[in-house]
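Now for the letters of each chain:
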Amino acid sequence: MNLNKNRVLTLGQFIIEKQNDFPYAKGELSRLLRDIGIAAKMVNREVNKAGLVDILGDMGTTNIQGETVKKLDVYANEQFISALSYGGECCAVASEENEDMVHIDGEVSKNARYVIAIDPLDGSSNIDVNVSIGTIFSIYRRTSLSGAVELSDFLQKGTEQVAAGYITYGSSTMLVYTTGRGVNGFTLDPSIGEFCLSHPDITIPKTGQIYSINEGYYVHFPEGVKRYIKYCQTEDRVTSRPYSSRYIGSLVADFHRNLLKGGIYMYPSTAKSPKGKLRLLYECNPLAFIVEQAGGIASDGFKRILDLQPRSLHQRTPIFIGSPEMVRAAEDFMLKFSAETV
Ligand code: FDP
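Criteria and thresholds
Residues numbered from 1 in each chain as written. Predicted model: local features only at pLDDT ≥ 70, side-chain atom pairs only at ≥ 80, totals over all residues. Heavy atoms only, no water. Near = heavy atom within 4 Å. Polar contact = N/O pair within 3.5 Å; in protein donor to acceptor, adjacent residues only side chain to side chain. Areas by Shrake-Rupley, 256 points an atom, 1.4 Å probe, with all protein chains shown as cover. Nonpolar A, V, L, I, M, F, W, Y, C, P; charged D, E, K, R; others polar. Axes fitted to C-alpha atoms, helices over the stretch in contact; angles between N-to-C directions. Helix = DSSP H or I, 4+ residues; strand = E, 2+ residues; numbered from the N terminus. Parallel < 35°, antiparallel > 145°, perpendicular 65-115°, else oblique. Left-handed = near helix turned anticlockwise from the far one by under 90°. Contact = heavy atoms within 4.5 Å. Buried < 20%, exposed > 50% of the residue type's maximum accessible area, 1.4 Å probe, protein only. Pairing = 2+ DSSP bridges.

Structural notes on the site of the ligand
And then number 1: Lining the immediate surroundings of the ligand are 15 residues, of which D122, Y247, Y267, K277 and E283 lie closest.
And then number 2: A distance of 2.8 Å is found between an oxygen atom of the ligand and a side-chain nitrogen or oxygen belonging to D122.
And then number 3: One nitrogen or oxygen atom from the main chain of G123 is found 3.3 Å from an oxygen atom belonging to the ligand.
And then number 4: When isolated, the ligand has an accessible area of 460 Å², and the protein chains bury 83% of it.
And then number 5: Residue classes in the shell around the ligand are distributed as six nonpolar, six polar and three charged.

What follows is the structure in structure tokens.
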């Protein structure tokens, strides 16, 4: 009997197997990923209940047990920070939900060497309507040698990430991550409560048929973006254009679809947000690390995202991310029309 044939590999088992890829690792990174997986399951449970708010109580009000029902993004933030605090490997968290970094000072964390940047619940405008939302995280080794974590520990270029990943809470819940050796995806099997390896060695198609951008802001886009959108909409047999437009409005969900099917996601600068909307540390850098590991590209229109020097925790950047041929084409338009004003 071939027992391996139907073998289900859980996230925990996979992490342990992969730990041998890092000969000097002491298992800290593995434990961090395990802690994130546990918090993701807790958040998933609450996300699944979100449609029951009318029965259980509105977010921010009191439910039938007399408990205050927390807003999901606040809940997610607390779950991730608490899982990382008890795990003992993380010494500080920079979160979309907190203006300043959160220091983790507990006894178990006194020798911790990692800092985490996280967007605990991305796509918040989709929470109330049962549309996919996600979590994005980025793991760095602290650069200061001892004492309290410093801002500079977080302000490292994306190239310094030791791991990054995201969770998408949707029709299925998936966790996708990289430690710099390819990208692997795990789907939560609710019957056993485990993330199981479902998408080993993800690679993004070199080109695709999908472009994702909020076209409502068209008039406010830079000229290069306007021209690239027109290019996507123009008929051409060789490149199978026109492309399809798909925009969920949840970064993780849009990114995940394009990663698997091929495509480009763009959030450029606009007249309203001259630096773009998305955050470098906990949205763009982790997804850029993942896409590059899968064979794709992430750019701010001119430069590689992972090479940008962060100057503050909540810094924004324009982003063009996805299949390499599509991102290169968008960059060509940006360069060619860069002199023209918005
Ligand atoms: P949201 O504001 O709903 O949290 O990160 C922010 C984000 O969502 C992304 O998930 C999403 O892709 C984008 O903003 C949507 O912004 P627009 O509504 O401006 O298109």
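Details of the packing of helix α6 (residues 223-233) against helix α9 (residues 324-336)
And then number 1: Here α6 crosses α9 at 135 degrees, and the two axes come no closer than 8 Å. On the basis of the axis angle, α6 is oblique to α9. In the packing of α6 onto α9, the handedness of the crossing is right-handed. Within the contact between the two elements, α6 uses G224, V225, R227, Y228 and Y231 and α9 uses M326, A329, A330, F333 and M334.

Some points on the pairing of strand β1 (residues 90-95)
And then number 1: Across the six residues that make up β1, a large majority, six, are buried.
And then number 2: With five bridges joining them, β1 and strand β3 (residues 114-122) adopt parallel strand pairing. Each bridged residue has a counterpart across the sheet, and for A92 the counterpart in β3 is V115.
And then number 3: In this sheet, strand β2 (residues 102-103) lies alongside β1 in antiparallel orientation, the contact comprising two bridges. Across the sheet, residue A92 finds its bridge partner in β2, namely H103.
And then number 4: Following β1, the chain reverses through six residues before pairing antiparallel with β2.

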